[in-house]
Structures are given as C-alpha cells and as structure tokens.
Amino acid sequence: MAEEESKKPEPESPSEQPPPPPPAPEPAVETPKEVTNEKSVIPPPPSEEKPDDCKALAIVEKVPDSAEAKSAEGSVHRDAVLARVETEKRTSLIRAWEESEKSKAENKAHKKLSAIGAWENSKKASIEAELKKIEEKLEKTKAEYVEKMKNKAALVHKAAEEKRAMIEAKRGEDLLKAEEMAAKYRATGSAPKKLLGCF
C-alpha cells in the first residue's frame, strides 16, 4: 500500500514545481528500518502533501493568471489593432466612395456643360446660317432693285435724249424757216408782218 501511495504522487511532482522542504523532520517518527529506507526514497505522506499541493496549485494558478493576463493584454492589443485596421478600412472605403461620387458629379456636370456648349454652338450656327441666307436674299433683292433703277435711269436718259433730239430738230427747223422767210422778205423787199417783240 505504501508503494501504491508512493507511485501516485510521483507523476504529479515532475509536472508541478518542486515542493518546499517538509516542515518537520522525518526521523522523529519511529518506524522500522525498512520503512525508513523506503521513506527516504519516497516523498512525504499524502496528508503532509495536501497543503503543499494547494500551495503549488496556487502558484501554478498564478502562472496561468499572468499568462491569461498577457493573453488578455495581447487580446486587448490585438482587438485594438483589429479595431484600428477596421477603422482604417472603413475610412478608406468612405474616402474611395467620396472620390467616386465627386468624380461622378464632375463627369455629370462636364457632360451637361458639354451638351449646353454643343446646343449653344448649333443654335449660333443656325442663326448665322439664317442671317447669311437673309443677307444673300437682301443682296439679291438689292441687285434686282439696282438693276431696275439702272433700267429706269436708262429709260429716263433715253427719253431725255429723244426730247433733246426733238428740240434740236425743231430748233433746226425753226432756224431754217426763219432763214427762208428772211430770204423771201429780202427778195420781195417787203417787211415782215410780225416784228420782234422789242419793236
């Protein structure tokens, strides 16, 4: 039975920290020599080890606590890093969305401005074409009126020339008639019946 008890604590002791020295010396207990020899090889009895195990467990528990604290700190640090990465990701997505929206607005405004410019240019071109058409029509009408006026002026000049020619012809006839009458009066020696208005 002592061997069984000695075997049970041995697997526990290598995994745990070494127990502190026993509080009471072992030779004080009277036991046979064989048992004392065995006890020197085996650790103290389980009743004495129970308080030590508790202390060992408390120490072992503290180590995981510090490891848990470190893991908690690491976890907190990891969470902070993940939160920062998430925030940066969200910020970059918002920035990309903002750039995209601004680009869309710029393109939309540019497209509308281009359409307005094209509309203005087409209207100006049609107005200029209409003005040119009116100018051509006016030029044609002007040319027609100029031609008519030139024709009228030519007709007036022709009529004036005809009248001048008639007056010149009449004057020539009157001069010839006066000369003939004067020659007749000279030949007959008589005076003309009609005298000049001054006499």
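Residues numbered from 1 in each chain as written. Predicted model: local features only at pLDDT ≥ 70, side-chain atom pairs only at ≥ 80, totals over all residues. Heavy atoms only, no water.

## Some points on the overall build of the protein chain
Summing up its helical and strand segments, the protein chain has 4 helices and 0 strands in all. Reading the protein chain from its N terminus to its C terminus gives the helix and strand order α-α-α-α. Looking at the protein chain as a whole, 3% of its 199 residues are labelled buried. Accessible area for the protein chain stands at about 18,100 Å²; split by element, carbon and sulfur atoms hold 62% of it. (Helix = DSSP H or I, 4+ residues; strand = E, 2+ residues; numbered from the N terminus. Buried < 20%, exposed > 50% of the residue type's maximum accessible area, 1.4 Å probe, protein only. Areas by Shrake-Rupley, 256 points an atom, 1.4 Å probe, with all protein chains shown as cover.)

## Section: the packing of aromatic side chains
All told, the structure shown has 0 aromatic pairs when counted by the stated rule. Over the aromatic face of Tyr-145 sits the side chain of Lys-148, whose NZ or CZ is 5.6 Å from the ring centroid. (Phe/Tyr/Trp six-rings, centres within 6.5 Å; stacked < 30°, edge-to-face > 60°. Lys NZ or Arg CZ within 6 Å of the ring centre and 35° of its normal.)

## Digging into a nonpolar patch on the surface
Side chains of Leu-113, Ile-116 and Trp-119 sit close together on the surface and give an oily, nonpolar patch of about 370 Å² of accessible area. Here Leu-113 is to be found in helix α4 (residues 46–188). For Leu-113, a relative accessible area of 58% puts it in the exposed group. (Patch = residues over 30% accessible without salt bridge, like charges linked within 9 Å, V, L, I, M, F, W, Y side chains within 5 Å. Salt bridge = Lys/Arg side-chain N within 4 Å of Asp/Glu carboxyl O.)

## Considerations on the confidence of the model for the protein chain
Any segment with low pLDDT has predicted coordinates that should not be analysed in fine detail. With 60% of its residues at a pLDDT of at least 70, the protein chain reaches an overall mean of 75. In the predicted structure, residues 1–16 sits below a pLDDT of 50 and forms 7 contacts with residues beyond four places in sequence or in another chain. Within the model, the stretch residues 24–41 combines pLDDT values under 50 with 3 contacts to residues more than four positions away or in other chains. (pLDDT = per-residue confidence, 0-100. Contact = heavy atoms within 4.5 Å.)

## As for the UniProt feature "coiled-coil region" (unreviewed entry) in the protein chain
Under the present numbering, the feature "coiled-coil region" (unreviewed entry) in UniProt falls on residues 124–151. The span residues 124–151 carries 100% helix and 0% strand; its end-to-end C-alpha distance comes to 40 Å. (UniProt positions renumbered as here; feature names shortened; annotations may be inferred.)

## Considering the pattern of salt bridges
Opposite charge on two side chains lets them pair, provided their charged atoms get close. For the structure shown, the criterion picks out 5 salt bridges. Between Glu-101 and Lys-104 there is a salt bridge, with its nearest N and O atoms 3.7 Å apart. Of this pair, Glu-101 and Lys-104 both sit in helix α4, 3 residues apart, which is roughly one turn of the helix. You can call Glu-101 partly exposed: its relative accessible area is 31%. Classification of Lys-104 as exposed rests on a relative accessible area of 51%.

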